[in-house]
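Listed here are the chains, written in short residue letters.
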Amino acid sequence: MPGSSDIAVRMTGISKRFGGVRALQGVDLEVRAGEVHALLGGNGAGKSTILKILNGVHVPDEGTIEVGGKPLTSHSPEASRAAGIAMNYQEMSLIPTLTVAQNIFLTREAKTAAGFIDDRTAVTRACEHFDMLEVSVDPRRLVGDLGAGQKQLTEIVKAISQDAKVLILDEPSTALAVSDVERLFVFLRKLVQRGVAVIYVSHRMDEIARIADRATILRDGQNVITADIADLPIDTMIEHIVGRRSLGLADVERGDASRGEALLQLDGLSGVHKPNDVTLTVHAGEVVGLAGLLGSGRSALARVIAGLEPAVAGTIRVHGKAAQIRSPHDAIDAGIALVPEARATEGIIPDHSVETNMTLAVLDRISPFGVTDRAAARRITDEKIKTLAIKTGGRDLAVSTLSGGNQQKVVIGKWLATDPDILILDEPTAGIDIGSKSEIIRLVRDLARQGKAVLMISSELSELLTACDTIAIMADGRLHEVHPREHFDDPALAGTDLGHRLQAAEQQLQNRIQGALAAGEENQHVDS
Amino acid sequence: MSTAETRDGGGGALRAWLGDWRQNIIYIGFVVIFVIFAVTLNDRGFLNPNNLLNIIRQTAMIAVMAIAMTFVLSAGEIDLSVGAVAGLASVTVALSIAAAGPVAGVLAGLATGLAVGVFNGWLTTRIGIPSFLTTLAMMGIAKGVAMWVSDTAAVPILHQGYAWVFGGGAVGRIPVLLFWMLVLGVIGHFTLKRTSFGRRVLATGGGETAARFSGINTKSMKFRVLVLSSLAASLAGMLYAGRLQSGRFQLGEGDELSVIAAAVLGGTSLFGGKGTVIGTIVGALMIGLINNGLILMGLEFSQQLIARGGIIILAVALSQKR
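So, how was this worked out
All chains use their own residue numbering, which begins from 1 and follows the written sequence. Naming scheme: in the order in which they are written, chains are lettered from A and ligands are numbered from 1. Note on the predicted model: pLDDT of at least 70 is required for a residue's local features to be given, and 80 or more for side-chain atom pairs to be given and counted; whole-chain, interface and lining totals, by contrast, use all residues. What counts as a helix is a DSSP run of H or I of at least four residues, what counts as a strand is a run of E of at least two, and both are numbered from the N terminus. Using C-alpha atoms as the atom set, the radius of gyration is obtained and then compared with a globule rule of 2.2 Å times the number of residues to the power 0.38. Around each residue's C-beta, the other C-beta atoms within 10 Å are counted; 20 or more make the residue buried, 12 or fewer make it exposed, and counts in between make it partly exposed. All C-beta atoms are placed from the backbone. In this description, any two residues whose backbone-derived C-beta atoms lie within 7 Å of each other are considered to be in contact. For helices, the axis comes from a line fit to the C-alpha atoms of the stretch in contact; other axes are also lines fit to C-alpha atoms, and the angle between any two N-to-C directions lies between 0 and 180 degrees. When describing relative orientation, an angle under 35 degrees is termed roughly parallel and one over 145 degrees roughly antiparallel, while 65 to 115 degrees is termed roughly perpendicular and anything else oblique. Crossing handedness: left-handed means the near helix sits turned counterclockwise from the far one by under a right angle, and right-handed means the same turn made clockwise. Core membership is restricted to buried Ala, Val, Leu, Ile, Met, Phe, Trp, Tyr and Cys residues, and these are joined into a nonpolar core through C-beta atoms within 7 Å. Paired strands are those between which DSSP finds at least two bridges. Multiplying 1.5 Å by the residue count of a helix minus one yields the expected span of that helix.

Asker: For this particular structure, what's the right way to read the overall build of chain B?
Answerer: When helices and strands are counted, chain B shows 15 helices and four strands. Against the globule reference of 20 Å for 322 residues, chain B gives a C-alpha radius of gyration of 20 Å, in line with a compact fold. When burial is assessed residue by residue, chain B has 51% of its 322 residues classed as buried. In chain B, the proportion of contacts linking residues at least 24 apart, taken out of those at least 6 apart, comes to 77%.

Asker: Quick question: what am I supposed to make of the packing of helix H5 (residues 82-100) of chain B against helix H12 (residues 218-244) of chain B here?
Answerer: Axes are the key here: two packed helices are described by the angle between their axes and the distance separating the axes. Residue and element names in this part refer to chain B. Between H5 and H12, the least distance of the axes is 7 Å, while the angle of their chain directions is 55°. Classified by the angle their axes make, H5 and H12 are oblique. For the crossing formed where H5 meets H12, the hand is right-handed. Across the interface between the two elements, Val82, Val85, Ala86, Gly87, Leu88, Ala89, Ser90, Val93 and Ala94 of H5 pack against Ser229, Ser230, Ala233, Ser234, Ala236, Gly237, Met238, Tyr240 and Ala241 of H12.

Asker: Which parts of the structure should I look at to understand the nonpolar core?
Answerer: It is characteristic of soluble globular proteins that their nonpolar side chains tend to be buried jointly. Counting 163 residues, the largest nonpolar core has Val64, Met65 and Leu239 of chain B as the members making the most contacts within it. Among the elements that take part in this core, H12 of chain B stands out by supplying 15 residues, more than any other. Counting 78 residues, the second largest nonpolar core, distinct from the first, contains Leu447, Leu461, Leu465 and Ala467 of chain A.

Asker: Whenever I open this one, the pairing of strand S19 (residues 470-475) of chain A confuses me. Can you help?
Answerer: Every other side chain in a regular strand lies on the same face of the sheet, so the side chains alternate between the two faces. Residues and elements named next belong to chain A. For S19, a buried count of six out of six residues is recorded, marking the element as mostly surrounded by other parts of the structure. Because side chains alternate across S19, one face comprises the buried residues Thr470, Ala472 and Met474, and the other comprises Ile471, Ile473 and Ala475, equally buried. Bridge count for strand S13 (residues 287-291) against S19 is four bridges, and the pairing is parallel. Paired with Val288 across the strands is Thr470, a residue of S19. When S19 meets strand S20 (residues 478-484), the two strands line up antiparallel, connected through six bridges.

Asker: Can you help me understand unusual backbone geometry in this one?
Answerer: Trans peptide bonds make up the majority, and among non-glycine residues the majority have a negative phi. Residues and elements named next belong to chain A. For the peptide bond that leads from Lys274 to Pro275, omega is -10°, which places it in the cis range. If you trace the backbone, Pro275 turns up in the loop between strand S11 (262-270) and strand S12 (278-283). In this structure, His319 takes a positive phi of about 55° despite not being glycine. Within the secondary structure layout, His319 lies in the loop between strand S14 (313-318) and strand S15 (321-322). Positioned with a positive phi, Phe369 is a non-glycine residue whose angle comes to about 55°. The topology assignment puts Phe369 in the loop between helix H13 (354-358) and helix H14 (374-387).

Asker: How do you make sense of the sheet that holds strand S8 (residues 197-201) of chain A when you look at a structure like this?
Answerer: Whether parallel or antiparallel, the strands of a sheet pair through hydrogen bonds between backbone atoms. All names here are of chain A. Strand order across the open sheet formed by six strands is S6-S7-S8-S3-S9-S10, with mixed pairing between neighbours. Of all strands in the sheet, those with a lone pairing partner are strand S6 (85-88) and strand S10 (222-228), marking the two edges. The sheet shows a mean angle of 15° between the axes of neighbouring strands, taken without regard to direction. Across the sheet, helix H1 (residues 47-54) touches strand S3 (36-40), S6, strand S7 (166-170), S8 and strand S9 (214-219), and the angle it forms with S7 is around 150°. Where helix H5 (residues 148-160) meets the sheet, it contacts S6 and S7, and its direction lies at approximately 170° from that of S6.

Asker: Is there a simple way to think about helix H15 (residues 404-416) of chain A in this case?
Answerer: Count 3.6 residues to each turn of an α-helix, and residues three or four apart come out pointing the same way. Taking 1.5 Å of rise per residue, 13 residues should cover 18 Å, and H15 of chain A covers 18 Å from first to last C-alpha, within 8% of that figure. Taking burial as the measure, the 13 residues of H15 of chain A include 13 buried ones, the bulk of the element.

Asker: Teacher, can you tell me more about the sheet that holds strand S16 (residues 336-339) of chain A here?
Answerer: Residues and elements named next belong to chain A. Across the sheet, six strands lie side by side as S16-S17-S18-S13-S19-S20; this open sheet has mixed pairing. Each edge of the sheet is formed by a strand with only one pairing partner; in this case those strands are S16 and S20. Going across the sheet, the axis of each strand differs from the next one's by a mean of 20°, ignoring polarity. The strands touched by helix H10 (residues 298-305) are S13, S16, strand S17 (422-426), strand S18 (453-457) and S19; relative to S17, the strand with the most contacts, the crossing angle is about 145°.

Spelled out as structure tokens, the structure:
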């Protein structure tokens, strides 16, 4: 049995750029055989990038990787797999047209004596794994027919069934109930006793404290600290994760948008799975932020309001009048616009021009008798380019030639062209650089000042705290708490510099999100 | 996958199979059309063994190409060059037999398919040209080369042994073509459903990113299915050549559409990830059956085209999930 000092993975000086964005800068990660090593960091800290490099999906620009003492020279999923590394992806490694069992054992199929694939054995073995975790997933079903939770379970079993030397689990607990997480932990303990190295990623600090032996914390693509869990109380962990915010965001003036009429009122709104019974009001001139972890139901709520998913219960009122929203078209007519999360697929048509993209949602309005009024289209486009300060060589250039921040402004411009009263922004700053982020946040404040009601989803807490007047915390599809922004300020820190105060507020918010999560789980327990 | 599971339990399985009727429309449709023709065309000799064997003879080449096409479509690609490649191979086979004998002829035929397939695969996976365009261009190139090297004339094949093995022969009354179709069908079926190669092909077409993340070399899979398809096309060309005892550039012309129709009728998805070789063969037989029946009915060629198109649309429409 290997001693605890054996190094299973040693990544040294890893750097990676995506276009102009530095995702990782000289990051070191050392994982011992026989330990559970937590990898922690906020959104955009570089966790998933470094894991994807270890797993061969990305090729590092600089740095070296050793697995089990041997340097990993070629970077591909096959090479990493051959080196004994297994990872669960967030649903991305599953083939919808194959069954659960076929997916789990893809490329490692059980064979009959004659060398043919033996799917029955695969089903039996898959059952054993699911039984061990005491979850029920039918291995014979097509993955395309499964819900998100079952897909994630399949991903987890696919990873743990590989008999790997290094097992990477990326947020495995989002699909699991508390009792299932316990069983996963028991299993992981057994694995590490056999000398397997486990890299565990989770946003749930209490889990980390229970399962991990050591932790490495990343922030903004750099190492912050690697330490034994015993030396990292949860408070300290959060402090390291949040860090000292750059002033880029902190110096955005929140200003004093006066709250006007209640523009958007949700009463007991429920979707098919999520959201669940959400009651919330957004006033004219107000920015309401939705905080919560992945899967907390924030995006689902946005999609229900925007008519992309059906509401099964509750009402949506706009300007105090009940609105019947059954399609995105209804939502646009009601004055609601959603800037979606996945910019590249849901926001823009990358190869089309700025003008085409900008006028897509208002085509009907500028096309009398079905013929598009090009002059009107140009006018709208030029006006938005000017007011949103979009940096582009011209309205005829393809949107794909713009930077991420400017692409996002095009999406926002496209929806502002519909002249909405209510604007919903889902992760508006995802994947754009810090400078453009503060520009987007300023823009959000401006829109509120113009009297629009803004609902904003962001996983970057500093952003929510900078942009919002009110912050609502979601977990498990439910709205748990609604606080005015000031509640997160520590009165004791009044007068100290903005960055410092923002950092403290962020820790406060992070704690509340964790609290909501725990409360949600207790409810779940009672329910079941 | 449904067919594998249906064996597990007796009556319940049958009910599941019928409940899944959209998936199995091809088999139901085949039986229905066969029965209709058997009843209405009995007096015109539809059920005459010679007529039925003729259907096999006319369908075998389409079936051979369609078996490989099932792999291509399952991997999310397409091959439009199969008909032209069959024509080209028939010419190279005939010329090589005349020059150096039957063994050289067979090797030349397969080499033709291999060369085209490697070129198709290379352009598609290395240069990144979609297979639709690669093989569309190759369709013209292959036909052009075939016309050029044969001087647009038929090249006779005088070697009787070759002609017997590749398409012309019969064991008793059973045409050799039936054996080719059955043997390749069985190999194709097991390769797709029961080997890791087949599983990787289905995974590549079912979700390319996911397949790559699972450690599958998806480019290599696409390369291989395109080579496989051209090889099958060259074999089909050799069968045409053997059956007609000559190589001609027109052989196989337009077959790509029947080949793709056979696979899609059989339940293979044009979008990848789903394919069945058995369905494909039945699809090919069904197209042959329809052609035969319409001819026996005495329809004119123009009417045959319209009726055939209508039946194919109906069958595919019925197989769609709502």
